[in-house]
Amino acid sequence: MEVIVLASNRSLLLIFLVFVSLLSIKVTHVSAVNYTKTHRQVSTLRVERIRNHLNNINKPPVFTIQSPDGDVIDCVPKRKQPALDHPLLKHHKIQKAPRTMPKMVGKERSDDVKEAASVLEGAWQMWHVNGTRCPKGTVPIRRNTMDDVLRAKSLFDFGKKRRSIHLDQRTEKPDALGTSGHEHAIAYTETSSEIYGAKATINVWDPKIEQVNEFSLSQIWILSGSFVGPDLNSIEAGWQVSPELYGDNRPRLFTYWTSDSYQATGCYNLLCSGFIQTNNKIAIGAAISPLSTFNGNQFDITILIWKDPKLGNWWMGLGDKTLVGYWPAELFTHLADHATTVEWGGEVVNTRASGRHTTTQMGSGHFPDEGFGKASYFRNLEIVDSDNSLVPVQDVKILAENTECYDIKSSSSNEWGTYFYYGGPGFNPRCA
């Protein structure tokens, strides 16, 4: 997730994080976390507008699956999914699969790391529990509800990262990083080469969230454009816990995109038109299960995002061979060509609603020094080069605004390639 251009890349990255941090902060003080209900009165007109919006994004299913976590998964005909409502995709022909997958480069990974023996790959989704899947020719879509929309600041804000300041009013001082309420622990690349994708394996936890409008996420960012202008393009994927977005504290698979610095375009998951899903077994926005446990088994997911060299669409894959879907090339300006920056890592929102730092956790809620089985990790960091080859990242820069609250430590090994542990508990005696 790589976003650099000149020697001042680190400063620009700091500026970018300040900017993204200010996008969606909505400080609402609540005495107790209530994930599912809103208690403010809602006008009849607003209810009607929300219903119309839900009718637009909740497409008529041919089959419905009730998940044990309370989600309803609708099996929607592939050609009726929300993506194709986008004005730029009216005549888009759905691509069944990319022409080629990225090629592996370098030596085979060895089995000489004891830690890897404890990693159980294949963390999956709760709606799979009863064994029911969507029929061929359909895609599974998590149904959105009135409560989901009412938890958002407004209908326009639903499913979006929102800008809270004007471009000409935001700070460009790196020392202001973190003051907006968003805090990060990330690794990023510095290279002058063109980038066409990225990959990493991430273990999945269930960090505790203090306030409804706070979140904790772990993700990959694919970036191109200006950090300080209105034209930043971003493609994002990972797992997140977001009570405001989903109404609970479960970790969920998510995607995001924007082509205008989070101003008007893009959204989470399938909450607007854009991302085209092709897989009938994976629901974006659905809860992941099982999860990693402290001093126990570690469950991780492998996410790959890359640009199809033939048609230019940006594909998302899980594991080594599972295709989820793609962001059409028509959605982007800078990313219609290539990416300039890749970032991997964690982010939380700290609203300080109780007059102190939040107790919202990042990753496992433990500091990286605690290591395997206790701290969260990203491993086997790779980027896709201009030859459509997956190249192991040899070196990364790391960044955390407040290491007493959340931190990051990077290293490398034969088995895990370049990797890092990251995260933390938030509020503690050194983090107030």
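All of these numbers come straight from a predicted model, not from anything done at the bench.

**As for the side chain of Gln277**
Right, on to step 1. Among the secondary structure elements, Gln277 is positioned in strand E12 (residues 276-277).
Right, on to step 2. Only 3.1 Å separates the side chain of Gln277 from the backbone oxygen of Asn279, close enough to count as a polar contact.
Right, on to step 3. Looking at Gln277, its side chain comes within polar contact range of the main-chain oxygen of Ile282, at 2.4 Å.
Right, on to step 4. If sequence neighbours within four positions are ignored, Gln277 has contacts with Lys78, Gln81, Val139, Pro140, Leu270, Ile282, Ala283, Ile284, Val324 and Gly325.

**Section: the pairing of strand E19 (residues 389-392)**
Regular strands place side chains that alternate from one sheet face to the opposite one.
Right, on to step 1. Relative to E19, strand E3 (residues 103-104) runs parallel, the two being bridged by two bridges. Along E19, the bridge assignment pairs Lys103 with Ser389.
Right, on to step 2. Two elements, strand E18 (residues 376-384) and E19, share three bridges in a ladder whose sense is antiparallel. Across the sheet, Val384 pairs through a bridge with Leu390, a residue of E19.

**Concerning the side chain of His128**
Right, on to step 1. Residue position: His128 is located in the loop between strand E5 (124-125) and strand E6 (138-142).
Right, on to step 2. Assessed through its relative accessible area of 9%, His128 is described here as buried.
Right, on to step 3. Only 2.6 Å separates the side chain of His128 from the backbone oxygen of Lys281, close enough to count as a polar contact.

**Concerning the nonpolar core**
Right, on to step 1. Within the largest apolar cluster, 92 residues are counted, with the highest numbers of intra-cluster contacts made by Ile222, Trp239, Trp314, Trp327, Trp344 and Tyr422.
Right, on to step 2. By size, the runner-up hydrophobic cluster in this structure holds seven residues, among which are Cys75, Trp127, Cys134 and Ala283.

**Section: the pattern of salt bridges**
Where charged atoms from two side chains of opposite charge approach closely, those side chains can pair.
Right, on to step 1. For the coordinates displayed, the defined rule picks out 15 salt bridges.
Right, on to step 2. Its salt-bridge partner being Asp71, residue Arg142 comes within 3.3 Å of it at the nearest N-O pair. Here Arg142, found in strand E6, pairs with Asp71, found in the loop between strand E1 (63-66) and strand E2 (72-77); they are 71 residues apart in sequence, far enough to count as distant. Take Arg142 and Asp71: they sit in the same class, and that class is buried.
Right, on to step 3. Beyond isolated ion pairs, a larger network of salt bridges with shared partners links Asp71, Arg142, Asp148, Arg151, Asp248, Arg250 and Arg252.

Each value, and the rule that gives it
- Residues numbered from 1 in each chain as written.
- Predicted model: local features only at pLDDT ≥ 70, side-chain atom pairs only at ≥ 80, totals over all residues.
- Heavy atoms only, no water.
- Helix = DSSP H or I, 4+ residues; strand = E, 2+ residues; numbered from the N terminus.
- Polar contact = N/O pair within 3.5 Å; in protein donor to acceptor, adjacent residues only side chain to side chain.
- Contact = heavy atoms within 4.5 Å.
- Pairing = 2+ DSSP bridges.
- Buried < 20%, exposed > 50% of the residue type's maximum accessible area, 1.4 Å probe, protein only.
- Core = buried A, V, L, I, M, F, W, Y, C linked by side-chain atoms within 4.5 Å.
- Salt bridge = Lys/Arg side-chain N within 4 Å of Asp/Glu carboxyl O.

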